[in-house]
Amino acid sequence: TCKGSGVEVTLNNGEQLQVDHILVAVGLEPSTELGDSAGLEVHAQMGGYVVNAELEARSNLFVAGDAACFYDPVLGRRRVEHHDHAVVSGKLAGQNMTGASQPYHHQSMFWSDLGPNVGYEAIGLVDSSLPTVGIWAHKDQPNEAQINTDPAASEKYEQGIVFYMSKDKVVGVVTWNIFGKIPIARTVIASGEEHHDFGQLAKQFDIHAEH
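Just so it is clear, the model here is predicted, and its values are computed rather than measured.

S.K.: Would you mind showing me how to read the environment of R79 here?
M.R.: Inspection of the secondary structure assignment puts R79 in the loop between strand 8 (76-78) and helix 2 (83-97). For R79, a relative accessible area of 17% gives the class buried. Along the chain, R79 and Y49 lie 30 residues apart, while their C-alpha atoms are 9.0 Å from each other. At 2.7 Å, the side chain of R79 and the backbone oxygen of M46 are in polar contact. Within the local environment of R79, its side chain forms a polar contact with the backbone oxygen of D66, the two atoms lying 2.8 Å apart.

S.K.: Can you help me understand the sheet that holds strand 8 in this one?
M.R.: Backbone hydrogen bonds are what pair the strands of a sheet, in a parallel or an antiparallel way. Read across the open sheet, the three strands follow the order 4-7-8; overall the sheet is mixed. Of all strands in the sheet, those bounded by a partner on one side alone are strand 4 (49-50) and strand 8. Where strand 7 (residues 68-72) lies against strand 8, three bridges are found, and the strand directions are antiparallel. In the strand pairing of strand 8, D72 is matched with G76.

Conventions and cut-offs
- Residues numbered from 1 in each chain as written.
- Predicted model: local features only at pLDDT ≥ 70, side-chain atom pairs only at ≥ 80, totals over all residues.
- Heavy atoms only, no water.
- Helix = DSSP H or I, 4+ residues; strand = E, 2+ residues; numbered from the N terminus.
- Buried < 20%, exposed > 50% of the residue type's maximum accessible area, 1.4 Å probe, protein only.
- Polar contact = N/O pair within 3.5 Å; in protein donor to acceptor, adjacent residues only side chain to side chain.
- Pairing = 2+ DSSP bridges.

Below is the structure:
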């Protein structure tokens, strides 16, 4: 219920909280009833129909978009809920229906604008359970990227990049207020190389330039 300039929330246990805003994140579960009669395999953890490299679930039956649980040659088996993935995988599935027999290897991206001054672009495995390394452009250090592992509350992190890591390899990238660098991130992920000098890696993204 609205209370003053904020909102009062009553939890299931009766506890009441007064907050400024409420974010509702309901999530989703894939609907797989359509393929039940065809006996399609549904991935137990990720949901979606299991497909091969050509997005084929069974002989001459193709699945694309977030309904497909596909094998990513770099990041392993995945199910992705991105518009970019839906467009590219749908096009490839259609081509493979006509005999193209091409594997799906596109690393899809997603993005959002969170307000007039904040936006991000992301690609790969952006998972909160993974270790991250953030490189941020500071106003008082215009010519050098710094690794900041202990951000001060007084500092403003207005522009930078976050690398999501697995065994010293970059598996995901978020660019914060840096735009048009996804092709570079896609190349970094696809290379499968180990990285230790993140300041040097961040230079590829030109994080100190105006975006």
